[in-house]
Amino acid sequence: MTWIIVIVVGLILVKALSVYLALPTCPECKSKKAEVVSKDEIKREPMYFKEKQRIKEYKNTSGQKQYFDWQTKVSTNKYVNAPQKVIEKEVLVEGERICYDVTYKCSKCGKTFHRKEHTDKKCAVNL
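Residues numbered from 1 in each chain as written. Predicted model: local features only at pLDDT ≥ 70, side-chain atom pairs only at ≥ 80, totals over all residues. Heavy atoms only, no water.

Visitor: What exactly am I supposed to notice about the packing of aromatic side chains here?
Guide: Here the distance between the centres and the angle between the planes together describe a pair of aromatic rings. What the rule picks out here adds up to 1 aromatic pair. With a centroid separation of 5.6 Å and an interplanar angle of 20°, the aromatic rings of Tyr104 and Phe113 are classed as stacked. For the cation-ring pair, Lys39 lies above Tyr100, with the distance from its terminal atom to the ring centre recorded as 4.6 Å. The residue whose ring lies beneath Lys122 is Phe49, and the NZ or CZ to ring-centre distance is 5.5 Å. (Phe/Tyr/Trp six-rings, centres within 6.5 Å; stacked < 30°, edge-to-face > 60°. Lys NZ or Arg CZ within 6 Å of the ring centre and 35° of its normal.)

Visitor: What's the story with the pattern of salt bridges in this structure? I'm lost.
Guide: When their charged atoms lie close together, side chains carrying opposite charge are able to pair. Across all of its chains, the model carries 8 salt bridges by this definition. Note that Arg44 and Glu96 form a salt bridge whose closest N and O atoms lie 3.0 Å from each other. Taken as a pair, Arg44 in strand β1 (residues 34-57) and Glu96 in strand β2 (residues 85-106) lie far apart in primary sequence, 52 residues in all. The partly exposed category is assigned to Glu96, whose relative accessible area is 27%. A salt bridge links Asp120 to Arg97; the shortest N-O distance between them is 2.8 Å. Here Asp120 is found in strand β3 (residues 112-122), whereas its partner Arg97 is found in strand β2, with 23 residues between them in sequence. Overlapping salt bridges bring together Glu41, Arg44 and Glu96 as one network. (Salt bridge = Lys/Arg side-chain N within 4 Å of Asp/Glu carboxyl O. Helix = DSSP H or I, 4+ residues; strand = E, 2+ residues; numbered from the N terminus. Buried < 20%, exposed > 50% of the residue type's maximum accessible area, 1.4 Å probe, protein only.)

Structure below.
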């Protein structure tokens, strides 16, 4: 039991360290205490993200057409009937990468510095 606690605490510490190391660093004094002064958009570019899609196929136990009725609800209920086949496939999802030029001001020495950052946005998926 204590090994599980040690592993969980270790994972939390690794995550906290990775968040701390991702903070912007002042090139003058190497301080991690900086605040955002301005954020200017540089460019936008289209991207594609790979996602896994799971398709579950159920056996038609009623022998009738599969309309959305109580029989379909019962036959596709995962607690009553398991799916006959589960298919996993990779799907490309459209998205967009937005690049920014972020200006920071160091709280320790007062110098300003720039850093290029980006954010990725996925479009809504209609599956």
